[in-house]
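The residues making up each chain are set out below.
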Amino acid sequence: MATHSEAAFNKNESDRRQSFSGIWNGELDKVFADVAKYYDRANVIASLGLLGVWLKRFVSTIDVKPGDKVLDVCAGTNVMGIALLKKQPGMDVQAIDRSQDMQQVGAERASRLGFTIKSDIGDVHQLPYPDEHFDVVTLQYASRHLGIMQVSKEIHRVLKPGGHFYHCDMLRPRNKLVENAYYIYLKFCLNLTSWLFNSDQASLDCRDYFIEALKMFYSAEELSDLMRTAGFASVEHSSIFAGMVAFHKAGKK
Ligand SMILES: C[S@@+](CC[C@H](N)C(=O)[O-])C[C@H]1O[C@@H](n2cnc3c(N)ncnc32)[C@H](O)[C@@H]1O
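Keep in mind the model is a prediction, meaning the values are calculated, not measured. (Residues numbered from 1 in each chain as written. Predicted model: local features only at pLDDT ≥ 70, side-chain atom pairs only at ≥ 80, totals over all residues.)

Comments concerning the environment of S119
Relative to the elements of secondary structure, S119 occurs in strand β3 (residues 118-121). According to the C-beta neighbour criterion, S119 is buried, with 21 such atoms within 10 Å. (Helix = DSSP H or I, 4+ residues; strand = E, 2+ residues; numbered from the N terminus. Buried ≥ 20, exposed ≤ 12 C-beta atoms within 10 Å, placed from the backbone.)

Structural notes on the sheet that holds β3
As summarised here, the arrangement of the seven strands in space is β3-β2-β1-β4-β5-β7-β6, forming an open sheet in which the pairing is mixed. Two strands lie at the open edges of the sheet, namely β3 and β6 (234-240), each paired on one side alone. Averaged over neighbouring strand pairs, the angle between their axes works out to 15° when direction is ignored. Each of β1 (69-73), β4 (134-140) and β5 (159-170) touches helix α7 (residues 148-158); the most contacted strand, β5, lies at about 145° to it. (Pairing = 2+ DSSP bridges. Axes fitted to C-alpha atoms, helices over the stretch in contact; angles between N-to-C directions. Contact = placed C-beta atoms within 7 Å.)

Section: the site of the ligand
Every one of the 20 residues lining the ligand counts as a neighbour, but C74, G76, R98, S99 and Q140 are closest to it. Mapped onto the shell around the ligand, the elements with two or more residues apiece are α2 (27-35) and α5 (79-87). Looking at the shell around the ligand residue by residue, the class counts come to 11 nonpolar, six polar and three charged. (Near = placed C-beta within 6 Å. Nonpolar A, V, L, I, M, F, W, Y, C, P; charged D, E, K, R; others polar.)

Written out as structure tokens, the structure reads:
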């Protein structure tokens, strides 16, 4: 993969926005309102149970200390916040997501387990937090739906010097054969889970979008470059399943 220049990233980000901003600012909220009640179960089925294994692996890469201020961006049902609090209960965890329904499910899950996760409902393209506020920021399984350069710069802004941004997502595999097989598998999963959970029309209409958004997204290497371009001083990643899923750690100087 050729390293992107900042101009190439800007062009790609602008193309992604042009293709998807209608969905990002419209249908996607309806989709997450619909899927909130079955989101966690659907993920277990679609990943054949692997999501829990990937979560453990991702969390094992995240350094957290008692007293750390942690921000989970696009927190959804608080999967990440809960996993981090299980690892280190003495932290202050803030979640932000645009979906009230996803956060409602997340708040109930956290409270059942005796954890407190603060919640803000809002768009993460402009984070409502001061500069240099958090020790750790996490973002999992949402980047395809975002202007990820803008959000990465926002995350960099709210991190303290020496803080880290941890990212996990399904990414575009480098190998074309693997990539095409991946899209066929994802299409099958989306059809299966919408049938099993009786998805509403908004979710049915967005099935193609979920795959198209991945096609226009980045490989693990490209995402590392994007994070460097967004200002991060040190960026490392590891991938599994031929680059279908990757874990990134980006440090702020
Ligand atoms: C696939 S879910 C991932 C949730 C969670 N991070 C996880 O690992 O399960 C994507 C989440 O991103 C949120 N989201 C998408 N675009 C957003 C935006 N612009 N601002 C805030 N949240 C957004 C959705 O509401 C949804 O809860």
